[in-house]
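So the chains spell out like this:
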Amino acid sequence: IPNELIVRLKPGASIDDLAKKLGAKVVGKIDGLNAYRLEFPDEAAANTALGLLNANPDVASVENNYRMEQPPLVAKLDPGTAGPTPLQLQLNPPGNNGRVTVGLIDTAVQPLGNGLDQFLEKSISINGPANADPNVPTHGTSMFQEILQGVANSAGGSSSVQIISADVYGPDATANSFNVAAGIAAAINSGANIINLSLGSENDSQVLHDIIAQATAKGIPVFAAAGNDASAQPFYPDR
């Protein structure tokens, strides 16, 4: 995104003072990472700021913010079905200990019906309301359904698994590396202990490395897509 940068500050540094000096607006933050999304008037201002921030001793890291295209639909399935037969799964209320909660970092999740919506514990919007067409399942809805199908195949007719949806796209066709990192943080802060990332891009991101490193250090496994074109081109955050 030409007029944006992602900045991580060292403890004690003030983003407000720094943004004011650079002529930037703070349009996003991730408290646990001390990371901020800065918006500049234009690309030239962002490029000038990039050099200044790299030389600033209060800055832990600075990087470009990259767009991430919406992944293609898994399948256009009717809600509450998986292939030709309805998906059958009953919620076994989770206990206080040992519960499995999957953080689904994706597009918005729509209602599935057939009693399956009780598995969706919480929906978090990172980029505003999605305004999804109710007649066309989003990628997030398809992934929600795929996860439940996998649970049904392995657990039989009931499970205590819960899913937290973090919509990082909202109404836009693209997300960005900052919002994906913010979605991971929000899901974990809401209780997710597994993260699913069926998205990505060819652009590396330090802030995504950092949030994933923090998650795995806490014993939270992160499953990331490897891309859909079977090429040797690195696809992040999988690599």
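Treat the numbers as computed from the prediction; the structure is a model and nothing was measured.

Draft legend 1. Broad picture of the environment of P41. Note that P41 resides in the loop between β3 (35-39) and α2 (43-54). Assessed through its relative accessible area of 62%, P41 is described here as exposed. In sequence terms P41 and G23 are 18 residues apart; their C-alpha atoms lie 7.9 Å from each other.

Draft legend 2. Structural detail: the sheet that holds strand β9 (residues 101-106). Ordered in space as β10-β12-β9-β14-β15, the five strands form an open sheet in which the pairing is parallel. Strands at the two margins of the open sheet, each flanked by one partner only, are β10 (120-125) and β15 (222-224). Across the sheet, the mean angle separating the axes of adjacent strands is 15° when strand polarity is ignored. Summarising the sheet, β10 and strand β12 (residues 162-167) pair through five bridges and their orientation is parallel. Across the sheet, residue L120 finds its bridge partner in β12, namely I163.

Draft legend 3. Expanded view of unusual backbone geometry. For N34, which is not glycine, the phi dihedral falls at a positive 55°. Within the secondary structure, N34 sits in the loop between β2 (25-30) and β3. In the Ramachandran plot, N114 falls in the positive-phi region, its phi being about 55° despite a non-glycine side chain. For N114, the location among the structural elements is in the loop between β9 and β10.

Draft legend 4. Layout of the sheet that holds strand β4 (residues 59-64). The antiparallel open sheet is built from four strands, whose spatial order is β2-β3-β1-β4. The sheet is open, and its two borders are formed by β2 and β4, each paired with just one other strand. Direction aside, neighbouring strands of the sheet carry axes that sit 25° apart on average. Along the sheet face, α2 touches β1 (4-9) and β4 and points at about 15° away from the line of β1. Packing of helix α5 (residues 206-217) onto the sheet brings it into contact with β1, β3 and β4, and relative to β4 it is tilted by some 125°.

Draft legend 5. Local environment of the layout of surface pockets. Empty space within the second largest pocket amounts to approximately 190 Å³. Mapped onto the lining of the second largest pocket, the elements with two or more residues apiece are β2, α4 (177-189) and α5. The biggest single contributor to the lining of the second largest pocket is α4, with five residues. Here the residues of the lining of the second largest pocket sort into eight nonpolar, three polar and three charged.

Draft legend 6. Main features of the packing of α4 against α5. Two elements in contact, α4 and α5, have axes whose closest approach is 9 Å; the angle formed by their N-to-C orientations is 15°. Compared by their axis directions, α4 and α5 come out roughly parallel. The way α4 lies across α5 gives a crossing that is left-handed. Across the interface between the two elements, S177, V180, A181, I184, A185 and I188 of α4 pack against V207, L208, I211, I212 and A215 of α5.

Draft legend 7. Looking closely at the pattern of salt bridges. Inspection of the entire model under this criterion finds five salt bridges. One salt bridge connects E4 with R37, and the closest N-O pair in it is separated by 2.7 Å. Of this pair, E4 sits in strand β1 while R37 sits in strand β3, and the two are 33 residues apart along the sequence. For the pair formed by E4 and R37, the shared burial category is buried. Residues K25 and E39 are paired through a salt bridge, measuring 3.5 Å at the closest nitrogen-oxygen approach. Pair noted here: K25 is in strand β2 and E39 is in strand β3, with a separation of 14 residues, a long-range link. Given the relative accessible area of 53%, K25 is considered exposed. You can call E39 partly exposed: its relative accessible area is 24%.

What counts and what doesn't
Residues numbered from 1 in each chain as written. Predicted model: local features only at pLDDT ≥ 70, side-chain atom pairs only at ≥ 80, totals over all residues. Heavy atoms only, no water. Helix = DSSP H or I, 4+ residues; strand = E, 2+ residues; numbered from the N terminus. Buried < 20%, exposed > 50% of the residue type's maximum accessible area, 1.4 Å probe, protein only. Pairing = 2+ DSSP bridges. Axes fitted to C-alpha atoms, helices over the stretch in contact; angles between N-to-C directions. Contact = heavy atoms within 4.5 Å. 1 Å grid on protein atoms, 1.4 Å probe; cavity = no way out; pocket = protein on both sides within 12 Å on 5 of 7 lines; lining within 4 Å. Points joined across faces, edges and corners; volume = space filled by probe spheres on them. Nonpolar A, V, L, I, M, F, W, Y, C, P; charged D, E, K, R; others polar. Parallel < 35°, antiparallel > 145°, perpendicular 65-115°, else oblique. Left-handed = near helix turned anticlockwise from the far one by under 90°. Salt bridge = Lys/Arg side-chain N within 4 Å of Asp/Glu carboxyl O.

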